[in-house]
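What the coordinates show
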Amino acid sequence: MRNINDHSEIIKNIPLIPLRDMVVFPSTLVPFIIGRPSSVKALEMATKKNKMIFLSAQMNASIDDPTPKDIYSTGVIVKIIRAIKMDDKNVKVIVEGKKRARVIEFLSTYPFYQVLAKEIKEIEVQSTEIRELLKRVLALFEDYLKLSQHTSFESIIPTLRDNSPERIADIIASHLYLALEEKQNLLEIINSFERMQRLNFILENEILKVHSKLRGEGKKHTRRKNSFGEPGQKIFPAGLSYKKEDQPNEIEELKRKVAKSNMPKDAEEKAYKEIERLESMPPMSAEATVCRNYLDWLISLPWNKKSREKRNLKEAEKILNEDHYGLDKVKERILEYLSVRQLVKNPKGIILGFVGPPGVGKSSLGRSIARSTGRKFVRLSLGGVRDEAEIRGHRRTYIGAYPGRMIQMIKRAGTKNPVFLLDEVDKMSMDFRGDPASALMEVLDPEQNSTFLDHYIDTDFDLSQVMFIVTANMIEPVPGPLVDRMEIIRLPGYTEDEKLQIGKQFLLPKQIKAHGLKDNNLKISDKSLMKLIREYTREAGVRSLERELTSICRKVVKKVVAKGKSYCENVTPKNLEKYLGIPRFRRLEIDKKDEVGVAVGMACTEFGGELLTFEVTKVHGKGNFTLTGQLGEIMQESAQAAFSYVKGKIFELDIAKDLHKNFDIHIHVPEIAIPKEGPSAGITIATSIISLLTEIPVSKNVALTGEITLKGKVLPVGGIKEKLLAAHREGIQKAILPFDNKPDLRDIPKNIKDDIKIYFVENMDEVLKYALTKQFPKKVKKDKVAISSELSSRGEGGESPQEPPLTH
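How each quantity is defined
- Residues numbered from 1 in each chain as written.
- Predicted model: local features only at pLDDT ≥ 70, side-chain atom pairs only at ≥ 80, totals over all residues.
- Heavy atoms only, no water.
- Helix = DSSP H or I, 4+ residues; strand = E, 2+ residues; numbered from the N terminus.
- Buried < 20%, exposed > 50% of the residue type's maximum accessible area, 1.4 Å probe, protein only.
- Patch = residues over 30% accessible without salt bridge, like charges linked within 9 Å, V, L, I, M, F, W, Y side chains within 5 Å.
- Areas by Shrake-Rupley, 256 points an atom, 1.4 Å probe, with all protein chains shown as cover.
- Salt bridge = Lys/Arg side-chain N within 4 Å of Asp/Glu carboxyl O.
- Pairing = 2+ DSSP bridges.
- Axes fitted to C-alpha atoms, helices over the stretch in contact; angles between N-to-C directions.
- Contact = heavy atoms within 4.5 Å.
- Parallel < 35°, antiparallel > 145°, perpendicular 65-115°, else oblique.
- Left-handed = near helix turned anticlockwise from the far one by under 90°.
- Nonpolar A, V, L, I, M, F, W, Y, C, P; charged D, E, K, R; others polar.
- Lys, Arg positive; Asp, Glu negative; His and termini not counted.
- Charge placed at Lys NZ, Arg CZ, Asp CG, Glu CD.
- Phe/Tyr/Trp six-rings, centres within 6.5 Å; stacked < 30°, edge-to-face > 60°.
- Lys NZ or Arg CZ within 6 Å of the ring centre and 35° of its normal.

Let us look at unusual backbone geometry. Looking along the chain, the bond that leaves Tyr 110 and enters Pro 111 is cis, with omega of 5 degrees. Checked against the element boundaries, Pro 111 lands in the loop between β6 (91-108) and β7 (113-119). Of note, the phi angle at Glu 424 is positive, near 55 degrees, even though the residue is not glycine. Along the chain, the position of Glu 424 falls in the loop between β11 (419-423) and α15 (436-443). A relative accessible area of 23% places Glu 424 in the partly exposed class.

Right, let's get into a nonpolar patch on the surface. On the surface, Val 340, Leu 343 and Val 344 cluster together to form a nonpolar patch covering roughly 290 Å² of accessible area. For Val 340, a relative accessible area of 40% corresponds to the partly exposed category.

Per the stated rule, a full pass over the model turns up 36 salt bridges. Among the salt bridges present, the one from Arg 375 reaches Glu 309, with a minimum N-O distance of 2.4 Å. One end of the pair, Arg 375, is in the loop between α12 (362-373) and β10 (377-381); the other, Glu 309, is in the loop between α9 (286-300) and α10 (313-323), with 66 residues separating them in the sequence. In terms of burial, Arg 375 and Glu 309 fall into one category: buried. Taking the shortest distance from any N to any O, the salt bridge between Arg 333 and Glu 487 comes out at 2.7 Å. With Arg 333 in helix α11 (residues 328-343) and Glu 487 in strand β15 (residues 487-490), this pair connects stretches of sequence that are 154 residues apart. Take Arg 333: its relative accessible area is 17%, and that puts it in the buried class.

This part takes up the environment of Ile 650. If you trace the backbone, Ile 650 turns up in helix α21 (residues 633-653). Between the alpha carbons of Ile 650 and Leu 693 there is a distance of 8.7 Å; along the sequence they are 43 residues apart.

Here we have 5 strands laid out as an open sheet, ordered β10-β11-β14-β9-β15, and parallel in their pairing. Edge positions in the sheet fall to β10 and β15, since each of these pairs with one other strand and no more. Neighbour-to-neighbour, the strand axes of this sheet turn through a mean angle of 20 degrees, independent of strand direction. Where helix α14 (residues 405-413) meets the sheet, it contacts β10, β11 and β14 (467-472), and its direction lies at approximately 155 degrees from that of β10.

Their axes nearest at 10 Å, the elements helix α17 (residues 496-514) and helix α19 (residues 543-563) cross at an angle of 45 degrees. Here α19 runs oblique to α17, going by the angle between their axes. Seen from above, α17 lies across α19 with right-handed handedness. In this structure, α17 contributes Lys 499, Gly 503, Leu 507, Leu 508, Lys 510, Gln 511 and Ile 512 to the contact, and α19 contributes Leu 545, Glu 546, Leu 549, Thr 550 and Cys 553. Residues of the contact of α17 with α19, tallied by class, amount to 6 nonpolar, 3 polar and 3 charged.

We now examine the sheet that holds strand β19 (residues 608-620). The 7 strands lie next to each other as β20-β21-β19-β18-β22-β25-β26, forming an open sheet whose pairing is mixed. Of all strands in the sheet, those with a lone pairing partner are β20 (625-628) and β26 (757-761), marking the two edges. Each adjacent strand pair in this sheet contributes to an overall mean axis angle of 30 degrees, direction not counted. The strands touched by helix α24 (residues 720-729) within the sheet are β18 (598-605), β19, β25 (734-738) and β26, with β19 carrying the most contacts at an inclination of about 75 degrees. With respect to the sheet, helix α26 (residues 764-771) is in contact with β22 (702-704), β25 and β26, its orientation differing from that of β26 by roughly 155 degrees.

The subject of this paragraph is a negative patch on the surface. Judged by side-chain charge, Glu 317, Asp 328, Glu 332 and Glu 336 come together as a negatively charged surface patch. The leading source of residues in the negative patch is α11, at 3 residues.

The next subject is the packing of aromatic side chains. How two aromatic rings sit relative to each other is given by the distance of their centres and the angle of their planes. Taken as a whole and assessed by the stated rule, the structure comprises 8 aromatic pairs. Ring centres 6.5 Å apart and planes at 15 degrees place the aromatic pair Phe 141 and Tyr 144 in the stacked group. Of the two residues, Phe 141 and Tyr 144 are both situated in helix α2 (residues 128-148); the distance of 3 residues between them amounts to about one turn of the helix. A single burial state applies to Phe 141 and to Tyr 144, both of which are buried. Both rings, one in Phe 625 and one in Phe 643, keep their centres 4.5 Å apart while their planes meet at 10 degrees; by these two values the pair is stacked. On the criterion of sequence distance, the pair formed by Phe 625 in strand β20 and Phe 643 in helix α21 is long-range, its members being 18 residues apart. One Lys or Arg, Lys 411, reaches over the ring of Trp 297 and ends 4.1 Å from the middle of that ring. For Lys 618, the ring lying beneath its charged end belongs to Phe 663, and the centroid distance is 5.0 Å.

All right, on to the pairing of β18 then. Counting buried residues along β18, 6 of its 8 residues qualify, which places the element largely inside the surrounding structure. The sheet contact formed by β18 and β19 spans 8 bridges and is antiparallel. From the neighbouring strand, Cys 604 faces β19, where its bridge partner is Gly 609.

What follows is the structure, given as structure tokens:
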């Protein structure tokens, strides 16, 4: 029984695209690439209107500009699902076949084809005969796919399910590898039963051809690239019957770009080899996409592009001073480098390591250096990076492989000699995927980075002309070999005077501009700014200072909006609390009287220098030793060494002789919630214990730092500048430092050395001389016989001298 519908719809002015070696069927999704200008314009017109377009095959694929006589009149009206522009010429298109149609008349051929098309209504046959024929065709189609081995029958089942025999016939036809004329013939058969019969005949013949060929070769079935259809026909993924329309254009374009990119010989050979592989692949296959991505990366890398450097030292110095206040050591190093550039044509890139607390300008210095040298600037944050592939990239065998971040950033810079900032290198970690810090060693080694090998690019790239700047808050977490590759420059923090100048010259004008204010809208006196720095911020850098200035600006903006643009606000020390509230910080209690068993120590953290108070008391017990205040393992050992030293002094100085059997010593460092670590508290703890036992107070105007040995020697420690900055911030008048730290005073600002009297000591006797408020008791010399007899009498239960009362 036949159903024939004669009501055909006339479609006017529908754009037409002629296809090379390709026939599209209704009910199929088909990807292809267009590149002819006329085809691209037709696609653009269809996209603007209703996304419907007419597709028809051209009789001869070699003709670049076909006439109406060269195009089959029967084609398919399709809906454009997606169109992606690949480059300047080619567009990737995915369409869905809707209806068969026939060209009635060509309305125009320029700038693209427009036709008058008539929809062809198919003759649908509904009978048991066609159902039986459909079963046979499906069985033959399954055998055909097994022999071709290009796709599995199971993958096509979802598209066949819940479809009419007419649609199933079209889907099967689209998956066959046949000559263009044969496919066009299947498209033009409008009777579904006759089309099914033709498919049955074609499938039987193709399967017989394969079996005959295999018998002739005397081989079992193996995978073949050209089992069906024409001898030279290419095989496409998922059985989709299509060929690229303008593939030669893409290949030639890639070859031209490779030749233009001036790659090294090894990279150029890899690129041409990859182009040869791409040429033999289906354009829409997954492997072809991988090849294109790889070629795009090779072509886009700046193999020989450089930034033209500024070599004018005065101009560079002016830019550095415009962006940052102070930091003379860093500025001097950059000017030295530019001076070398004037004498040496191609020096190696420098690798600087900026170490310092947050907010002192490490990251912004990188951008300023790039501006002063005329180079491009790129920044890579390494905080939390734990995968080696982040640095060296993934091998292309992995799905979704990509180059490492080093190559990505070089591509973004567009030159091979940018300023490359590696931020927060001390925040990297490692896991089972590798150690990124070890991968960085190759990058930061001037002897190796000229042949840096990224796993994805798989060819050497020269990083030797890159100026690397590495930043970290602490140097300890960074592996030693990595530190050895850098030129470390420490940025310890700013003094109060420096913060005042930074606030006046940089931060306040920046925030006034950011909030839309004028200079006459807000006035902040130097005294107000200094009070803000002392009582509302406690940091080595200036981030908190900038936040507080931002808060003031917001409140002033609100008043300017309410009272008019001519409103002016004067911020004074008296009305500062109105803007920022009650002061958050207050000075240490250095103005109180000196205490027994309490000393002030200097510490260095990743946030800058800090002052710590050490409290020591004794309670009744059996000579035990207690530490509290969340002290780290190193600090606990330092305290134990200090206690052992003091116990040796007890008998030498004839003080607290029954300490070992009647009393316990308890050492406490306030602010328990904050972890504390390091050996530099040794002399501070020893001074506190001796102060307790001798009842001589420790001066509150003195701050101490230094490691102690069991013999009472004072060893050098680190972070001297940060510690002295903290002491100066808190109003300390005297500081006791190890003698071997004397060279560190070169980096200390002159105003700090003028305000703080610094004592350099080599042993504990000198420490006690400067730290205690009274003269330390002179040593009582005893011979060995007297000391041993005294110890033996105690062992027999002899009485000890009267102990002074406990002090708390």
